[in-house]
Amino acid sequence: IQGHESGDQLLISVAVQLQQLLNKVAQDATVARVSSDEFVVLLNALGERQNEAALVTERVARQLLEAISQLRNDRELPISASIGITLFSGVSHSMNSVLQQADIALQQAKAAGGNKLRFFNSDMQTSVLERASLEGDLHQALARNELALHYQLQVDHHGATVGVEALLRWYHPQRGWVSPATFIPLAEENGLIVPIGHWALKSACEQLAKWAAQPAYSSLSLSVNVSSVQFQQPDFVREVEGLLAETQAPASRLVLEVTESLLMREPTRVRNTMLRLRARGIRFALDDFGTGYSSLSYLKRLPLDELKIDQSFIRELLTDKTDAAIVDTTILLAVSLGLTVVAEGVEKKEQLDWLRGHGCYRYQGYLFGRPTPIEYLFETY
Ligand code: C2E
Ligand code: CA
Ligand code: CA
Ligand code: CA
């Protein structure tokens, strides 16, 4: 593929060469260029010959991709190619589904960062279909009353309950409880997180208002997770103010949990939003600390009150020296910045002892209770 003037010419020639090479190994092969840098290969090979055809295709396609990236480096041509490949045999398939499969493989190749090839496999199909069906159902979830908040205790070093975190759950009519780790990322991509997050905040405020009226619970804080997408809505401050007024929840008991990904975006605007909410008495916790792009300058500039050490550092705290060092340093950092530090994912008494010995006095984890429906919250511990 030397000697081509434009990147485009070169990519056309790539497709032609691939086609010619594949004609030698497969019953028949179709190479199509579906956009400037996207290629699909439909490989028709029977039974035993499938493996061989797949191997040769992979080898040839890889060499072409390597040549492309070399040319890109040497001649600074802005070219790359993504290749999706699917195998089929005979005429039993409908051409439509073969093309769909190649396209799924192509999308995976692109998602892998470009200049990659991917073979279609049935797992890909399952995950694409699964995602689409889950997404469709999520659209209905709010209207069908399938969302719920579960609550998890936060405990201090005397064993007293000092706060609660609200965690979303989705009760899917067929699948049962779906974890937010599955559906929140989906909701963030398609924007559903905005109405869902509103619903969660509203339900949490209603609960907070109930506690405020009962002396035994009136000093509890309630932490609510806020997605970056939701937080960056232009009217987020008014939304929260509206909910506080509507539910009569005490703002000074509300903690909003944000993640480092939020702080990376428009820091000035984020800071202003936080300051306006803080003027109402709302507090902020930085969630999952240590897993994102932790920048110490955010910690200094933003009005944070609390820092939550991610559970991934707590898990092997007692056996992994690096994790122990990170947790130790984080506690010192939080204390010196005047932040409350909360350890997440505390499951064992030994972890609790270690944390207490190192100056962390607030904990959340299965040791004290799993997230539960409100009716059972104060029974579990
Ligand atoms: P997160 O905010 O870091 O929540 C803590 C997660 O750790 C929860 O998972 C909780 O069930 C789990 N957990 C608590 N203690 C332990 C423990 O001792 N061991 C282990 N292994 N896990 C523990 P969950 O409920 O599946 O939530 C996952 C994530 O979904 C949350 O992580 C949060 O980022 C997101 N999320 C949950 N509710 C909401 C919400 O209302 N809005 C938004 N935007 N995100 C939410
Ligand atoms: Ca959280
Ligand atoms: Ca967390
Ligand atoms: Ca987390």
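Caption draft 1: Quick peek at the overall build of the chain. When its secondary structure is counted, the chain shows 14 helices and 13 strands. Computed over the C-alpha atoms, the radius of gyration of the chain is 27 Å, more than 25% above the 21 Å expected from 2.2 N^0.38 for a compact globule of 381 residues. Along the first, second and third principal axes, the C-alpha atoms of the chain reach 80 × 45 × 45 Å. With 381 residues in all, the chain has 46% of them scored as buried. In the chain, of all internal contacts separated by at least 6 residues, the share reaching a separation of at least 24 is 63%. About 18900 Å² of surface is accessible on the chain, with carbon and sulfur atoms providing 50% of the total. Positive and negative side-chain charges in the chain, numbering 35 and 44 respectively, have mean positions lying 4 Å apart.

Caption draft 2: Layout of the sheet that holds strand S1 (residues 28–35). Taken together, the four strands give an open sheet; going across it, the order is S1-S2-S3-S4, and neighbouring strands pair in mixed fashion. Whereas interior strands pair on both sides, the edge strands pair on one side only; in this sheet they are S1 and strand S4 (117–119). Between one strand axis and the next, the sheet turns through 20 degrees on average, direction left out of account.

Caption draft 3: Here's a closer look at the site of ligand 1. Around ligand 1, the surrounding shell holds 22 residues, and the nearest of these are Arg169, Asp287, Gln311, Glu347 and Tyr366. Note that an oxygen atom of ligand 1 is positioned 2.8 Å from one of the side-chain N or O atoms of arginine 169. When isolated, ligand 1 has an accessible area of 800 Å², and the protein chains bury 84% of it. When contributions to the shell around ligand 1 are tallied by element, the ones reaching two or more residues are strand S6 (161–172), helix H5 (180–190), helix H6 (193–212) and strand S10 (283–289). Per element, the largest residue contribution to the shell around ligand 1 is four residues, and it comes from S6.

Caption draft 4: Quick peek at the pattern of salt bridges. Counting across every chain of the model gives 12 salt bridges. Residue arginine 144 pairs with glutamate 146 through a salt bridge whose shortest N-O separation is 4.0 Å. Its salt-bridge partner being aspartate 353, residue arginine 356 comes within 3.9 Å of it at the nearest N-O pair. Of the two residues, arginine 356 and aspartate 353 both sit in helix H14 (residues 349–357), three residues apart, roughly one turn of that helix. Given the relative accessible area of 33%, aspartate 353 is considered partly exposed. Taken together, the shared-partner salt bridges in this structure form one network comprising Glu165, Glu257, Lys308 and Glu344.

Caption draft 5: Summary view of the packing of aromatic side chains. With the rule as written, the count across this model stands at eight aromatic pairs. Aromatic pair tryptophan 211 and phenylalanine 378: ring centres 6.1 Å apart, planes at 65 degrees, arrangement edge-to-face. A residue pair is termed long-range when its members are at least 10 positions apart, and tryptophan 211 in helix H6 and phenylalanine 378 in the segment after strand S13 (362–363) qualify at 167 residues. You can call tryptophan 211 buried: its relative accessible area is 3%. Residue classification places phenylalanine 378 among the partly exposed residues on the basis of a relative accessible area of 32%. Judged by centre distance (6.3 Å) and plane angle (75 degrees), the ring pair of phenylalanine 231 and phenylalanine 284 falls under edge-to-face. Taken together, the residues span a long stretch of sequence, with phenylalanine 231 in helix H7 (residues 228–231) and phenylalanine 284 in strand S10 at a distance of 53 residues. Across this residue pair, the class does not change: phenylalanine 231 and phenylalanine 284 are buried.

Caption draft 6: Seen up close, the coordination of the calcium ion (ligand 3). Taken together, Asp287 (OD), Asp288 (OD), Glu344 (OE) and Glu344 (OE) make up the protein donors of the calcium ion (ligand 3), found 2.1 to 2.6 Å from the metal. Taken in chain order, the donor set of the calcium ion (ligand 3) reads D-D-x55-E. The distance between the calcium ion (ligand 3) and the calcium ion (ligand 2) comes to 4.0 Å, with aspartate 287 serving as a donor to both metals.

Caption draft 7: Representation of the environment of glycine 159. Its location among the elements puts glycine 159 in the loop between strand S5 (147–156) and S6. C-alpha of glycine 159 to C-alpha of phenylalanine 368: the two residues are 209 residues apart in sequence and 8.9 Å apart in space.

Caption draft 8: Inspection of the domain arrangement of the chain at higher detail. If you check the domain split of the chain, you get domain 1 (7–120) and domain 2 (144–376). Domain 1 and domain 2 are separated by 46 Å when their C-alpha centres are compared.

Caption draft 9: Fine view of the coordination of the calcium ion (ligand 4). Bound to the calcium ion (ligand 4) on the protein side are Asp288 (OD) and Asp288 (OD), at distances that span 2.9 to 3.1 Å. Note that aspartate 288 resides in strand S10.

So, how was this worked out
Along each chain, the written sequence defines residue order, and numbers are assigned to residues from 1. Whichever chain is written first is A, and whichever ligand is written first is 1; the rest continue in order. Local features in this predicted model are restricted to residues whose pLDDT is 70 or higher, and side-chain atom pairs enter the listing and the counts only when it is 80 or higher, whereas totals over whole chains, interfaces and linings include all residues. Neither water nor hydrogens contribute to the side-chain values; these are computed over all heavy atoms in the structure. The helix and strand labels rest on DSSP assignments: H or I over at least four residues marks a helix, E over at least two residues marks a strand, and numbering proceeds from the N terminus. Based on C-alpha atoms, the radius of gyration is set beside the globule rule, defined as 2.2 Å times the residue count to the power 0.38. For every residue, the accessible area (1.4 Å probe, protein chains only) is compared with the maximum for its type, and the residue is labelled buried under 20%, exposed over 50%, or partly exposed between those bounds. A contact between two residues is defined here by any heavy atoms of the two lying within 4.5 Å. Here, Shrake-Rupley sampling with a 1.4 Å probe gives the accessible areas, and only protein chains in the shown set may cover a residue. Asp and Glu are treated as the negative residues and Lys and Arg as the positive ones, with His and the ends of the chain left uncounted. Lys charges are placed at NZ, Arg charges at CZ, Asp charges at CG and Glu charges at CD. Each pair of strands is called paired provided DSSP finds at least two bridges between the two strands. The axes are straight lines fitted to the C-alpha atoms, using for helices just the contacting stretch, and the angles between their N-to-C directions are given from 0 to 180°. Any residue with a heavy atom positioned within 4 Å of a molecule or strand is treated as near that molecule or strand. Pairs of N or O atoms within 3.5 Å make up the polar contacts considered here, provided that, within protein, one atom can donate a hydrogen while the other can accept it, and that residues adjacent in sequence are counted only when both atoms are side-chain atoms. We count a salt bridge whenever a side-chain nitrogen from Lys or Arg sits within 4 Å of a carboxyl oxygen from Asp or Glu. Stacked, tilted and edge-to-face are the three classes assigned to paired rings of Phe, Tyr and Trp, where Trp is represented by its six-membered ring and a pair needs centres within 6.5 Å; plane angles under 30 degrees give stacked, over 60 edge-to-face, the rest tilted. Listed donor atoms are N, O and S within 2.8 Å of the metal (Na, K and Ca: 3.2 Å). As water is not included, a site may look incomplete. Domains are outlined according to an automatic or database domain assignment.

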